[in-house]
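Letter by letter, the chains look like this.
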Amino acid sequence: MKRPIVLILAAVFLLPLVVRPAIASEIWLFAIFGLGANLLMGYTGLLSFGQSTFFGSAAYVAGWLMKVHGLNALLALVAGVGVGALSAAVVGYLCVQRSGLYFIMLTFALNQLFYFTAYQWTSITGGEDGMPGVPRPAFAGVDFKDPLVYYGFVSLLFLIALFLMKRITDSPLGKILQAIRENEVRAEAVGYNVPRFKLLAFVIGGAFSGLAGVLYAMLFGIVPLEAIGFVTSGNVVFATLIGGSGSLYGPVIGSFVFIWLSESVSTLWARWPLLLGVAFVIVVLFLRGGVVEAWSRLWQSSKQKL
């Protein structure tokens, strides 16, 4: 078994001993969110500031279904994945028609459209107050109201999501997406339908984001308006870049860094986002591969010394 997998499995078992189960669960669901964003940004070369569109839409729809119609956990997750993929298909279809700055601004504009729709649709979303009262329904006789049980559920889904994403990135599809990232014109010249593959990356990334959105709603029992806001999209982009964009394990590391800073350091220092800003500047200037690249350099240096 490869070293990263061993470390991740160890973290899954040890994390609830170090931090509260709720924070531990948030780390893994944010990592799932990051996996979807990284497929677009790291593997396809598409910087999207609309990931919270898929995350928040899935959280609202699944939260409403659980709250009003008593949907069980499994069906809620399936609904969330479907909503995330569908909203990503709509947004992606419009965005892949453009490139560069126009693509980025279009993802932002469509995110704002979804955000203000949620803000105005108070009868369903609760508007500025969010959607409270989202239950954490049982499934197959398992009561997810226990924080440790729910943590086990989230971490299991994270491991499944990580396995699926590894299969995707190692598959011919993953190689094609990387070819598009490296040279879009050349990929099109050899016969690949670039817009179609970009759209497929959007749909897959949206499905992962939707899964994370449902887990978020169940974890906190509320879907806040911020879940579909631009800041949430920015957070997952920053976390992925800090961890290592283009690496399978980058979003996992980035989720640790971001959630730990936001949940632990924030209680000690109100201006904790300054640390995130410093980390981001260091990554942009010196470590384009984020923490993954820093670890790789350190590992290679230690091996040479030995």
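Structure: above.
The structure reproduced in this document is the subject of the present report. All values reported here derive from a predicted model rather than from experimental measurement. (Residues numbered from 1 in each chain as written. Predicted model: local features only at pLDDT ≥ 70, side-chain atom pairs only at ≥ 80, totals over all residues. Heavy atoms only, no water.)

### Some thoughts on empty space enclosed by the protein
As enumerated under the stated definition, the model contains one cavity of 30 Å³ or more in all. When its volume is computed, the largest cavity comes out at roughly 30 Å³. Lining the largest cavity are Ala37, Leu40, Met41, Leu46, Ser48, Gln51 and Val237. The biggest single contributor to the lining of the largest cavity is helix α2 (residues 21-43), with three residues. Residues of the lining of the largest cavity, tallied by class, amount to five nonpolar, two polar and no charged. (1 Å grid on protein atoms, 1.4 Å probe; cavity = no way out; pocket = protein on both sides within 12 Å on 5 of 7 lines; lining within 4 Å. Points joined across faces, edges and corners; volume = space filled by probe spheres on them. Helix = DSSP H or I, 4+ residues; strand = E, 2+ residues; numbered from the N terminus. Nonpolar A, V, L, I, M, F, W, Y, C, P; charged D, E, K, R; others polar.)

### A closer look at a nonpolar patch on the surface
A cluster of nonpolar side chains, contributed by Val278, Val281, Ile282, Val284, Leu285 and Phe286, occupies part of the molecular surface with about 550 Å² of accessible area. Its place among the elements puts Phe286 in helix α13 (residues 273-286). According to the relative accessible area criterion, Phe286 is exposed, its value standing at 57%. (Patch = residues over 30% accessible without salt bridge, like charges linked within 9 Å, V, L, I, M, F, W, Y side chains within 5 Å. Areas by Shrake-Rupley, 256 points an atom, 1.4 Å probe, with all protein chains shown as cover. Salt bridge = Lys/Arg side-chain N within 4 Å of Asp/Glu carboxyl O. Buried < 20%, exposed > 50% of the residue type's maximum accessible area, 1.4 Å probe, protein only.)

### Let's talk about the pattern of salt bridges
This structure, assessed with the given rule, holds three salt bridges. Between Arg181 and Glu182 there is a salt bridge, with its nearest N and O atoms 2.9 Å apart. Take Glu182: its relative accessible area is 58%, and that puts it in the exposed class. Lys198 is paired through a salt bridge with Glu184; the nearest N and O atoms lie 3.0 Å apart.

### A short note on the side chain of Thr107
Take Thr107: it is sitting in helix α5 (residues 100-120). Within polar-contact distance, the side chain of Thr107 engages the backbone nitrogen of Phe49 at 3.2 Å. A distance of 2.6 Å separates a polar side-chain atom of Thr107 from the backbone oxygen of Ile104. Those residues in contact with Thr107, other than ones at most four positions away along the chain, are Leu47, Ser48, Phe49, Gly50, Cys95 and Phe202. (Polar contact = N/O pair within 3.5 Å; in protein donor to acceptor, adjacent residues only side chain to side chain. Contact = heavy atoms within 4.5 Å.)

### As for the packing of α2 against helix α12 (residues 250-268)
Where α2 contacts α12, the axes come no closer than 8 Å and their chain directions differ by 135 degrees. Taken as axis vectors, α2 and α12 run oblique relative to one another. Crossing hand, α2 versus α12: right-handed. Facing α2, whose interface residues are Ile23, Glu26, Ile27, Trp28, Phe30, Ala31, Gly34, Leu35 and Asn38, α12 presents Pro251, Val252, Ser255, Phe256, Phe258, Ile259 and Glu263. Its residues assigned to classes, the contact of α2 with α12 shows eleven nonpolar, three polar and two charged. (Axes fitted to C-alpha atoms, helices over the stretch in contact; angles between N-to-C directions. Parallel < 35°, antiparallel > 145°, perpendicular 65-115°, else oblique. Left-handed = near helix turned anticlockwise from the far one by under 90°.)

### What about helix α4 (residues 73-95)?
A rise of 1.5 Å per residue sets the reference length of α4, with its 23 residues, at 33 Å; its end C-alpha atoms lie 32 Å apart and thus fit the reference within 8%. Listed as buried for α4 are Ala73, Ala76, Leu77, Gly80, Val83, Gly84, Ala85, Ser87, Ala88, Val91, Gly92 and Cys95. Those residues of α4 hidden inside the fold are in contact with α3 (51-69), α5, α7 (147-170) and α10 (194-220). Between the side-chain oxygen of the N-cap and the backbone nitrogen of Leu74 there are 3.1 Å, and the N-cap of α4 in question is Asn72. (Expected span 1.5 Å × (residues − 1).)

### Some remarks on the packing of aromatic side chains
This structure, assessed with the given rule, holds 17 aromatic pairs. Their ring planes at 85 degrees and their centres at 5.3 Å tell us that Trp28 and Phe256 sit as a pair that is edge-to-face. Of this pair, Trp28 sits in helix α2 while Phe256 sits in helix α12, placing them 228 residues apart in sequence. The class for Trp28 is buried, based on a relative accessible area of 0%. For the pair Phe103 and Phe202, a centre-to-centre distance of 6.0 Å together with 65 degrees between the ring planes defines the contact as edge-to-face. In this pair, Phe103 sits in helix α5 while Phe202 sits in helix α10, placing the two residues 99 residues apart along the sequence. Given a relative accessible area of 3%, Phe103 falls into the buried group. When its relative accessible area of 0% is taken as the criterion, Phe202 is described as buried. Three or more aromatic residues joined by ring pairs form one cluster here, namely Phe30, Phe33, Phe55, Tyr216, Phe220 and Phe258. The ring of Tyr150 is capped by Arg136, whose NZ or CZ atom sits 4.4 Å from the centre of that ring. (Phe/Tyr/Trp six-rings, centres within 6.5 Å; stacked < 30°, edge-to-face > 60°. Lys NZ or Arg CZ within 6 Å of the ring centre and 35° of its normal.)

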